[in-house]
Amino acid sequence: MLLSVDRSETAETRSLSFDVIAAVAEREGVDPTDIEPPEYESLYTVVNPEALDALFAPRQDGSDRISGRVEFTFNGYHVVITGDGEVTLREESS
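In this text the structure is predicted, and so the values were computed from the model without any measurement.

How should I be thinking about helix α1 (residues 16-28) in this particular structure?
Since the α-helix advances by 3.6 residues per turn, residues separated by three or four positions end up pointing in the same direction. Here α1 is 13 residues long and its end C-alpha atoms lie 18 Å apart, about the 18 Å a rise of 1.5 Å per residue gives. Buried within α1 we find Leu16, Ser17, Asp19, Val20, Ile21, Ala22, Ala23, Val24 and Ala25. Phi turns positive one or two residues past the end of α1, at Gly29, with a value near 75 degrees.

The structure is reproduced here in C-alpha cells:
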C-alpha cells in the first residue's frame, strides 16, 4: 500500500524528516510523537535527518536544487522522497 504526504500547505514550517515520521505515524494510526524507541525505530538509525532536510532545501542563493530521489527503509516501510518534497511509503514485503 502506498501513502503520500502532501507538503503544499506546510512546506515552509515542516521538514522532510518530520514528514517521513508523520507519514509513518499516519500509516500506523498513531501520533508522530509516538514514533520513537523502543516501539519504533529512530529515524537517526537509518538516515541523518539534518542531512536529509538539507539535501532538498533551496540553495543559499534561494534557487531550487536539481531534482533527485532518496530511498531507504524505515520501520518496515520503503520510503521514497523526491526533490519536490513528496514522501511515499510502501510496506516492505517479508
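Picking up after the structure, the text goes on.
I tried to follow the nonpolar core on my own but got confused; where do I start?
Soluble globular proteins: nonpolar side chains tend toward being buried together. With 20 residues, the main nonpolar core has Val20, Leu52, Phe72, Phe74, Val79 and Ile81 as its most contacted residues. Sorting the residues of this core by element identifies α1, β2 (69-74), β3 (77-82) and β4 (87-91) as the ones contributing at least two each. The element that contributes the greatest number of residues to this core is α1, accounting for 6 residues.

Is there a simple way to explain the environment of Phe18 in this structure?
Among the secondary structure elements, Phe18 is positioned in helix α1. Along the backbone, Phe18 and Pro49 are 31 residues apart, and their C-alpha atoms lie at a distance of 8.5 Å.

Calculation criteria
- Residues numbered from 1 in each chain as written.
- Predicted model: local features only at pLDDT ≥ 70, side-chain atom pairs only at ≥ 80, totals over all residues.
- Heavy atoms only, no water.
- Helix = DSSP H or I, 4+ residues; strand = E, 2+ residues; numbered from the N terminus.
- Expected span 1.5 Å × (residues − 1).
- Buried < 20%, exposed > 50% of the residue type's maximum accessible area, 1.4 Å probe, protein only.
- Core = buried A, V, L, I, M, F, W, Y, C linked by side-chain atoms within 4.5 Å.

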